[in-house]
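Geometric and topological summary
Given next are the chains, with one letter for each unit.
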Amino acid sequence: MPMSKSSLRLLWLLPVALIGVGGIGVAAMMQPPPADLDLSLTHATEHGLYVGTLEPGVSPIPVGTMQTWTVSVTNPDGTPLEHANLSIDGGMPQHGHGLPTEPQVTEELGGGRYKVEGMKFNMPGWWTITLKVSGAAGTDSATFNLTL
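Parameters at a glance
All residue numbers refer to position in the chain's written sequence, counted from 1. pLDDT decides what is reported in this predicted model: residues at 70 or higher carry local features, side-chain atom pairs at 80 or more are listed and counted, and totals for whole chains, interfaces and linings draw on all residues regardless. As a rule here, side-chain values cover all heavy atoms of the structure and leave hydrogens and water aside. A pair of Phe, Tyr and Trp rings is counted when the ring centres sit within 6.5 Å of each other, with Trp represented by its six-membered ring. The angle between the planes then sorts it: under 30 degrees is stacked, over 60 is edge-to-face, the rest tilted. Each helix is a run of DSSP H or I of at least 4 residues and each strand a run of E of at least 2, with the numbering of both proceeding from the N terminus. Remark: exposure states derive from per-residue accessible area (1.4 Å probe, protein chains only) relative to the maximum for the residue type, with buried under 20%, exposed over 50%, and partly exposed in between. Each residue carries a pLDDT score, the predictor's own confidence in it, on a scale running from 0 to 100. Should any heavy atoms of two residues lie within 4.5 Å, those residues are considered in contact. Among the buried residues, those of types Ala, Val, Leu, Ile, Met, Phe, Trp, Tyr and Cys that are joined through side-chain atoms within 4.5 Å form a nonpolar core. The pairing criterion is simple: DSSP has to find at least two bridges between the two strands. Angles shown run from 0 to 180 degrees and are taken between the N-to-C directions of axes, each axis being a line fitted to C-alpha atoms and, for helices, limited to the stretch in contact. We count Lys and Arg on the positive side and Asp and Glu on the negative side, and we leave His and both chain ends out. We count a salt bridge whenever a side-chain nitrogen from Lys or Arg sits within 4 Å of a carboxyl oxygen from Asp or Glu. We define a polar contact as two N or O atoms separated by no more than 3.5 Å, with the added condition that, inside protein, one atom must be a possible hydrogen donor and the other a possible acceptor, whereas residues neighbouring each other in sequence contribute only through side-chain atom pairs.

1. What to know about the packing of aromatic side chains
Here the structure, examined in full by the defined rule, presents 2 aromatic pairs. Between the aromatic rings of W69 and F121, the centroid separation amounts to 6.0 Å while the plane-to-plane angle is 40 degrees, which identifies the pairing as tilted. Of this pair, W69 sits in strand β3 (residues 67-74) while F121 sits in the loop between β7 (113-119) and β8 (126-135), placing them 52 residues apart in sequence. Exposure remark for F121: the relative accessible area of 0% places this residue in the buried category. When the ring of F121 is compared with that of W127, the centres are 5.1 Å apart and the planes differ by 75 degrees; the resulting orientation is edge-to-face. Aromatic rings pair up to connect W69, F121 and W127 into one cluster.

2. Regarding the confidence of the model for the chain
Close reading of the predicted structure is inappropriate where its pLDDT is low. Overall, the predicted model of the chain reaches an average pLDDT of 88, with 80% of residues at or above 70. Contacts for the low-pLDDT stretch residues 20-25, under 50 throughout, to residues beyond four places or in other chains number 0 contacts.

3. Notes on the nonpolar core
Core analysis: the largest hydrophobic core is formed by 23 residues, its most contacted members being V71, V73, L86, F121, I129, L131 and V133. Secondary-structure elements contributing two or more residues to this core are β3, β4 (85-92), β7, β8 and β9 (138-147). Considering every element that reaches this core, the biggest residue donor is β8, with 4 residues. Other than its neighbours up to four places away in sequence, F121 contacts I61, P62, V63, G64, Q67, W69, L99, W127, I129, L146 and L148.

4. As for the sheet that holds β3
Spatial ordering of the open sheet is given by β1-β2-β3-β7-β6, a layout of 5 strands whose pairing is antiparallel. On the outer flanks of this sheet lie β1 (42-44) and β6 (104-110), each paired with one strand and no other. Across the sheet, the mean angle separating the axes of adjacent strands is 25 degrees when strand polarity is ignored.

5. Thoughts on the side chain of D140
As for its placement among the helices and strands, D140 is situated in strand β9. It turns out D140 is buried and unbridged, and the closest side chain with the opposite charge, K132, is 10 Å from it. Of the polar contacts made by the side chain of D140, one reaches the backbone nitrogen of H47; its length is 2.9 Å. Once residues within four sequence positions are removed from consideration, D140 is found in contact with T45, E46, H47, G48, L49, Y50, L131, K132 and V133.

6. Remarks on the side chain of T101
Relative to the elements of secondary structure, T101 occurs in the loop between β5 (97-98) and β6. A polar contact is formed between the side chain of T101 and the backbone oxygen of G118, at a distance of 2.5 Å.

7. A word on the sheet that holds β9
Here 4 strands make up an open sheet; going across it, the order is β5-β4-β8-β9 and the pairing antiparallel. One side of each edge strand has no neighbouring strand; the edge strands of this open sheet are β5 and β9. Direction of pairing for β4 relative to β5: antiparallel, over a ladder of 2 bridges. Bridging from a neighbouring strand, M92 pairs with H97 of β5.

8. Regarding the pairing of β6
For β6 and β7, the ladder comprises 5 bridges, and the chain directions are antiparallel. Pairing of G110 across the sheet is with R113, part of β7. The antiparallel hairpin formed by β6 and β7 contains 2 residues in its connecting segment, where G111 sits at a positive phi of about 65 degrees.

If you want it as structure tokens, here you go:
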């Protein structure tokens, strides 16, 4: 059975509408990061149990290459946190995706310092890195902002 002119017109409008909606989504992702981002690489954890410091292996932080970082963790009084369990995760808040890799703590270096391998960023922009720390005082986390 042949389609009516109004049905054909609706079929033509569907791709146009999808392109428009997609364009709005892309425009939202292309917004600059908030102007007031705290870009400090040292932060107290959310509940104040620990203080974490991210130490990228290279400055400026490159896009597209695998990296090894060091993470330092102390107690609030500044004493190094030894024998903690750490995990690292992250993503791009404006894009809704995570890191393209799964960074792992591969070695405790002593003095509250930990080697993290597998850091990689696949595009420039605003990234967040979340450090989760489990130690004698409990489990806590800190989120760091990066712009590449």
